[in-house]
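What follows is the residue order along each chain.
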There are 2 protein chains.
Amino acid sequence: MSTPIQFYFDYSSPYGYFAAMRIDELAAKYGRQVEWHPILLGVIFKTTETKPLMHIPLKGEYSKHDLLRTARFHQIDFVIPANFPVATQQAARATLWVQNTCGKDKAKQFAKKLFQTFFADGVDISEVPPILKAAEDVGLDSLELANGMIQQEIKDQLKEEIEHALKLGIFGSPYIIIDGEPFWGFDRFDQIEALLKNGKI
Amino acid sequence: MSTPIQFYFDYSSPYGYFAAMRIDELAAKYGRQVEWHPILLGVIFKTTETKPLMHIPLKGEYSKHDLLRTARFHQIDFVIPANFPVATQQAARATLWVQNTCGKDKAKQFAKKLFQTFFADGVDISEVPPILKAAEDVGLDSLELANGMIQQEIKDQLKEEIEHALKLGIFGSPYIIIDGEPFWGFDRFDQIEALLKNGKI
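Report on the accompanying structure. (Residues numbered from 1 in each chain as written. Chains lettered and ligands numbered in written order. Predicted model: local features only at pLDDT ≥ 70, side-chain atom pairs only at ≥ 80, totals over all residues.)

## A word on the overall build of chain A
Line of reasoning, step 1. When helices and strands are counted, chain A shows 9 helices and 4 strands.
Line of reasoning, step 2. Over its C-alpha trace chain A gives a radius of gyration of 16 Å, about what one expects of a compact globule, namely 17 Å for 201 residues.
Line of reasoning, step 3. The dimensions of chain A, computed from C-alpha atoms along their principal axes, are 45 × 40 × 35 Å.
Line of reasoning, step 4. Long-range pairs, those at least 24 residues apart, make up 71% of the contacts in chain A with a sequence separation of at least 6. (Helix = DSSP H or I, 4+ residues; strand = E, 2+ residues; numbered from the N terminus. Rg over C-alpha atoms; globule rule 2.2 N^0.38 Å. Contact = placed C-beta atoms within 7 Å.)

Here it is, written out as structure tokens:
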């Protein structure tokens, strides 16, 4: 019962952001670690023939309302960014570079900062400058990151991560796997907690 | 704070079934009534360009797992019916006829029985005989129902209900409206309870 929790997310997923703000705290309560995996839903949606939530008639409008209400309910700082959804391959690649170079803990700190930049401050993180700013805010060298994140091996690594996620059946964000048990959505934190607490569900 | 809760559902929606098994109890806890509205998601999915959950790659497989787990978590009897999803216009029309003829309370009792026939017993309710059986089980005259549910005015009434639901922005099941506040999904029962308890959310 001490294998790490696997947490898959897209930086453009608001429910992924909510999960990101809570998952380490929840895991720690039950003595678990969390491994963070940035992926790109755009690639995965081609397989599932899905569109971003905001682009679905009726559901898109409701979702804005639900996101604001859900953020209030869970007391998480949140705005709907003016540019949303956005492309997140730069943010994902930057995170992988930080993981490889500075370790998982620093990468997690950076990932939280990136999420907050987008969903608490409303700043578009599809562009490189806000990514570098977030890096500096958590004590990273932004010049090193700017060079590192564009390397071909990082691009390849992200592709492999997404292919692996697809093989695992991952189709959305947040997607959390605990001891082989898959959970999709911030809505499932009640069931996740039950599993962590009781060792089964 | 005493207006009835509006509960929209499709008989082929398992999360709608979960909501149906719990909503009256939750409402009663806070002195509220619930008005039940059977609708047809098939019609609504044309507007939202959505497919039934089970027909979406990856998501369909996960959903089966999630449904069984969610039923266990909430201690609700549940099987995935061999025929699923099914057409539910007959069940919806039958419910409207019972509402018109025998009142809302009897219709609700019948609706719960129909849902249980499908999702607890696994019996296909797209056909008329199981619908008539469910009617008899709750003390209705099945011959009267068989005649009543095929009348043109009932067909028209269902169409109008669905058009009205679309105007309200309803795109899924369960969909619950409380004092103008919309909630989609059994997942939102925590927020629904907060609204009922505090009068705001």
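And the narrative resumes.
## Regarding helix 4 (residues 89-102) of chain A
Residues and elements named next belong to chain A.
Line of reasoning, step 1. Counted at 1.5 Å a residue, the expected span for helix 4 with its 14 residues is 20 Å, and the 19 Å between its end C-alpha atoms agrees.
Line of reasoning, step 2. Of all the positions in helix 4, only Ala91, Ala92, Arg93, Ala94, Thr95, Leu96, Trp97, Val98 and Gln99 are classed as buried.
Line of reasoning, step 3. In this fold, the buried residues of helix 4 make contact with strand 2 (34-38), helix 5 (104-119), helix 6 (128-137), helix 7 (142-148) and helix 8 (152-167).
Line of reasoning, step 4. One or two positions beyond helix 4, positive phi appears at glycine 103, with a value near 95°. (Expected span 1.5 Å × (residues − 1). Buried ≥ 20, exposed ≤ 12 C-beta atoms within 10 Å, placed from the backbone.)

## What to know about the sheet that holds strand 1 (residues 5-9) of chain A
Residues and elements named next belong to chain A.
Line of reasoning, step 1. Strand order in this open sheet of 4 strands is 2-1-3-4, and the pairing throughout is mixed. Of all the strands in the sheet, just strand 2 and strand 4 (181-184) have a single pairing partner and so form its edges. Strand-to-strand, the axes of this sheet are offset by a mean angle of 20°, without reference to chain direction.
Line of reasoning, step 2. In terms of strand pairing, strand 3 (residues 175-178) meets strand 4 through 4 bridges, oriented antiparallel. What sits directly across from isoleucine 178, in strand 4, is glutamate 181. (Pairing = 2+ DSSP bridges. Axes fitted to C-alpha atoms, helices over the stretch in contact; angles between N-to-C directions.)

## Regarding the interface of chain A and chain B
Line of reasoning, step 1. The interface of chain A with chain B comprises 19 residues on the first partner and 19 residues on the second.
Line of reasoning, step 2. Elements with a contribution of two residues or more to the side of chain A that touches chain B: helix 2 (41-48), helix 3 (59-73), strand 4 and helix 9 (189-198) of chain A.
Line of reasoning, step 3. Element by element, the count of residues in the side of chain A that touches chain B is highest for helix 3 of chain A, at 5 residues.
Line of reasoning, step 4. Here the side of chain A that touches chain B is built from residues that sort into 10 nonpolar, 5 polar and 4 charged. (Nonpolar A, V, L, I, M, F, W, Y, C, P; charged D, E, K, R; others polar.)

## Concerning the relation of the copies chain A and chain B
Line of reasoning, step 1. When chain A is fitted to chain B, the residual RMSD is 0.0 Å, and the transformation amounts to a turn of 180° plus an axial shift of 0.0 Å. Taken together, the rotation angle and the small translation identify this as a two-fold axis. For chain A, the minimum C-alpha distance to the rotation axis belongs to aspartate 187 of chain A and amounts to 3.0 Å.
Line of reasoning, step 2. When the interface residues of chain A are mapped onto chain B, 100% of them are again interface residues, pointing to one common binding face. (Least-squares fit on C-alpha atoms with pLDDT ≥ 70 in both.)

## Quick notes on the environment of isoleucine 76 of chain B
All names here are of chain B.
Line of reasoning, step 1. Along the polypeptide, isoleucine 76 turns up in the loop between helix 3 (59-73) and helix 4 (89-102).
Line of reasoning, step 2. Judged by local crowding, isoleucine 76 falls into the partly exposed class, with 18 C-beta atoms found within 10 Å.
Line of reasoning, step 3. Between the alpha carbons of isoleucine 76 and tyrosine 62 there is a distance of 19 Å; along the sequence they are 14 residues apart.
Line of reasoning, step 4. Leaving out residues up to four positions away in the same chain, isoleucine 76 has contacts with Phe18, Met21 and Ala71.

## A look at the pairing of strand 3 (residues 175-178) of chain B
Residue and element names in this part refer to chain B.
Line of reasoning, step 1. Where strand 1 (residues 5-9) and strand 3 come together, 3 bridges link them in antiparallel fashion. Of the residues in strand 3, the one forming a bridge with phenylalanine 7 is isoleucine 176.
Line of reasoning, step 2. The hairpin formed by strand 3 and strand 4 (residues 181-184) contains 2 residues between the paired strands, and aspartate 179 there has a positive phi angle of roughly 50°.

## Looking at the packing of helix 4 of chain A against helix 5 of chain A
The angle between the axes and the distance between the axes are what describe a pair of packed helices.
Residues and elements named next belong to chain A.
Line of reasoning, step 1. Between helix 4 and helix 5, whose axes approach to 7 Å, the crossing angle comes to 155°. As far as their axial angle goes, helix 5 and helix 4 are roughly antiparallel. The interaxial crossing formed by helix 4 with helix 5 has right-handed handedness. In contact with Ala91, Thr95, Val98, Gln99 and Cys102 of helix 4, helix 5 contributes Lys104, Lys106, Ala107, Phe110, Ala111 and Leu114.
Line of reasoning, step 2. A per-class count over the contact of helix 4 with helix 5 returns 7 nonpolar, 2 polar and 2 charged. (Parallel < 35°, antiparallel > 145°, perpendicular 65-115°, else oblique. Left-handed = near helix turned anticlockwise from the far one by under 90°.)

## Some words on the pairing of strand 2 (residues 34-38) of chain B
Residues in a regular strand project their side chains so that they alternate between the two faces of the sheet.
Residues and elements named next belong to chain B.
Line of reasoning, step 1. Pairing analysis gives 5 bridges linking strand 1 to strand 2, with the strands arranged parallel. What sits directly across from isoleucine 5, in strand 2, is valine 34.
Line of reasoning, step 2. In this view, the connection linking strand 1 to its parallel neighbour strand 2 by way of helix 1 (residues 14-29) has right-handed handedness. (Right-handed = clockwise from strand over helix to strand, strands pointing away.)

## Re the sheet that holds strand 2 of chain B
Residue and element names in this part refer to chain B.
Line of reasoning, step 1. Overall, mixed pairing links the 4 strands, which are arranged 2-1-3-4 in an open sheet. With partners counted over all chains shown, the strands left at the sheet margins are strand 2 and strand 4, one partner each. Across the sheet, the mean angle from the axis of one strand to that of its neighbour is 20°, orientation sign disregarded.
Line of reasoning, step 2. Helix 1 contacts strand 1 and strand 2 of the sheet and is inclined by roughly 165° relative to strand 1.

## Describing the packing of helix 5 of chain A against helix 6 of chain A
Residue and element names in this part refer to chain A.
Line of reasoning, step 1. At a minimum axis distance of 9 Å, the contact between helix 5 and helix 6 shows a crossing angle of 130°. One finds that helix 5 runs oblique with respect to helix 6. Seen along the crossing, helix 5 lies across helix 6 with a hand that is right-handed. Across from Phe110, Lys113, Leu114 and Thr117 in helix 5, the residues of helix 6 making contact are Pro130, Ile131, Ala134, Ala135 and Asp137.

## Overview of the environment of isoleucine 178 of chain B
Line of reasoning, step 1. Summarising the element assignment, isoleucine 178 of chain B is placed in strand 3.
Line of reasoning, step 2. Between the C-alpha atoms of isoleucine 178 of chain B and threonine 3 of chain B, which are 175 residues apart in sequence, the distance is 7.9 Å.

## Details of unusual backbone geometry
Residue and element names in this part refer to chain A.
Line of reasoning, step 1. At the junction of serine 173 and proline 174, the peptide bond is cis and its omega measures out at 0° in the coordinates.
Line of reasoning, step 2. One non-glycine residue, glutamine 75, adopts positive backbone phi at about 55°.
Line of reasoning, step 3. Within the secondary structure layout, glutamine 75 lies in the loop between helix 3 and helix 4.
Line of reasoning, step 4. For glutamine 75, a count of 8 C-beta atoms within 10 Å gives the class exposed.

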